Every structure is written in structure tokens, then in C-alpha cells.
Amino acid sequence: MTNAISSHPESSHLRSLLHGLWLPLITPFCDGVVDEVSLRRLVRHYAGLPIDGLILAATSGEGLTLGMAELEWIVAVTRETLGEGRRYLPICLGLAGSHTIKMCHTLDETAGWPIDGYLISSPYYSRPSQRGLIRHFTLLADHASWPVMLYNIPYRAGVNLENETLLELARHPNIVGMKDCGANRAQSIDLLRRRPPGFRILTGEDAEYFDALSDGADGAILLSAHIETAAFAAVRTLLKQGESDAARACWESLSDLTRLLFAEPSPAPAKYWLARTGLIDSAEVRLPMVEVSHDLAAILDAEIARRAGHLSGRQKSDFMT
């Protein structure tokens, strides 16, 4: 199986696309079901902005609350809507689970879906050893018809993918990169320094976006980039152009936003913002998530108004000059 994968064209395809700003798309709901109208509106909106890919049904997309039929439908609608435009955007499907063989069955079920790869998190709750993690991810990568991006998020999974483990997994031809939510900058820097060529690392820590890019990360997967998307993309562009002061100034205009959008469990604050600004029709989330509190809603409303006024003033100033 490994030899077959090593020549699999999709592995090289996704590897070359894992850079820049990826959006872990929220899943809009209305009256308990996925809201197709809002989903299509979201996809059209972000396809016109400077993002480099979409993650569907991951943590931000409330993937653990979605059934297989819903997952398949979301992927199909997203790919169809993207196809209306002239620009190709890659799609990775978020998967999570603690039963390795059951995860293999899920990979079988999704093998024919119009995706470009998977984002697979560490098995939650069971807290396997590093040897167990290596065997788990190796079996999944051997089995997957699409390339795999690892998702290290120890504060959710209960176990950290240590760097020696990641370096061993990075040698697998069908494991092309990782989303780094380890919340340990020293570990991240060490991995960036030691990773093999072609192994892509995207940060998933919204509040650490600027630092991660400065340390050498290839990009980011950011829930916060649902808001002020172009500004988040500009931070990386400016850094790549060597304009570090301008990049830092741009980041400082966004850093408070990242904290606000995680003031209560995500993605409820982001969904509230998107509903208030008309991108989705409802801020509904699925239990055990709940909508934002009245106190946070008031704070979000004030920030929405402030940023709208700031943008309006800036556009007016640009026009006058």
C-alpha cells in the first residue's frame, strides 16, 4: 500500500497547496438542519477572498455533530458552489475518532467524495501512547485514498503528538502536513527546524498567528479569518515581502478580534458575528454547544459596529484622496 501511495498524484497535489490562509468553514444550521442557502452564500463569499483552501466539518464546523449523510451533502454542495467560479480551491474534510478501524471504514465511505485530503485529529479521550499514535495514524494513512494532514490539539484530545512521533509520521508518503494547535511555541519551533522537506505546517492557534508565521510556519487554519479575511491574509503577504513592521501593525489590528471570537466556546461567537452581518441566516449551534450569552452578544455587537465604522471611514478617506 505504501508504495502505491508514494506515486499517488493527489499526495503531491495537496502538499503543494498546503500554504497560506485556510478557512475552517463553520456549518450553518437553521431549525436543526444544515442551511443550504447560507452554506452556498458563505462559500461564494469566501471564494472571492484571499484564502487558499477550506476545511469542512472540523472543530469549527461542528463535525462531531454531523452524520455521514450530512457530511457528504456539505462536501457536495461546497464543491458544486466552488465550481461556479473560475478559481479552484482545495477542500480537506475534518475527521475525528478514537476507534481506528471505525475511522478506516469512514475513510472507505469518503474515498469517492470530491475532496483533496483529510484533516485528522488525534484520538480523543483514550490518550494512547506515542507508539499507539504512530500505529493509529500509519494505518489511517495507509488506508486513505486521499492525503492526510495531522491535527495536533492536545488540549482537546488529551494527548500531545510529540516531535519524534511527528517526524516519524512525516516520513509517510501519504502524510503531507499538520495543523499545529500544540500551544507550545518551543515544540513548534523545534519541529519547524527539523521537519523533512515538503512537510507542511500550518498553525491553528489564532492568537499565535503572527508568531507562528515569523517562526517559519507555511500558513494557518484560522476560525477568526471568517472575519476580516483580507487583513488576516495581508499579515502573511507583508511578512513574505519583508515588511515586518507593516505586518505587525496589521496583526495588532486583529489580535483583539481573535481573543473575542474565543471568549466563549467556538464557533458560537463567530456564528453570532456572521449572522449579525448577514452572511448566515441563523447563529444556531448544535448541542452540547450553545449560542453566545447576552453579555458577549452585546460586546460583539459593539465590536461589529466599531469595525464597520472604521472600515467605512477608511474607504471614505481612500476615496477622498
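Use the structure listed above.
Residues numbered from 1 in each chain as written. Predicted model: local features only at pLDDT ≥ 70, side-chain atom pairs only at ≥ 80, totals over all residues. Heavy atoms only, no water.

Undergrad: Where do I start with the pairing of strand β5 (residues 91-95) in this structure?
TA: For a regular strand, the rule is simple: side chains alternate between the two faces of the sheet. Extensive coverage of β5 is indicated by the burial of five of its five residues. Every second residue of β5 is oriented toward a common face, with I91, L93 and L95 on one face and C92 and G94 on the other, all of them buried. In terms of strand pairing, strand β4 (residues 53-56) meets β5 through three bridges, oriented parallel. Paired with I55 across the strands is C92, a residue of β5. Between the parallel pair β4 and β5, the chain is carried across by helix α4 (residues 68-82), and the sense of this crossover is right-handed. One ladder, built from four bridges, connects β5 with strand β6 (residues 117-121); its direction is parallel. Across the sheet, residue G94 finds its bridge partner in β6, namely L119. (Buried < 20%, exposed > 50% of the residue type's maximum accessible area, 1.4 Å probe, protein only. Helix = DSSP H or I, 4+ residues; strand = E, 2+ residues; numbered from the N terminus. Pairing = 2+ DSSP bridges. Right-handed = clockwise from strand over helix to strand, strands pointing away.)

Undergrad: Help me out: how do you make sense of helix α12 (residues 244-252) in this one?
TA: Because the α-helix completes a turn every 3.6 residues, residues three or four places apart line up on one side. Of all the residues in α12, the buried ones are A247, C250 and W251. For α12, the angular spread of the buried residues around the axis is 100°, confining them to a single face. Along α12, the residues that are exposed and aim more than 90 degrees away from the buried face are D245 and E252. Where the residues of α12 are buried, they touch α10 (209-215), α11 (229-240) and α13 (255-260). (Arc of directions from axis to C-beta. Contact = heavy atoms within 4.5 Å.)

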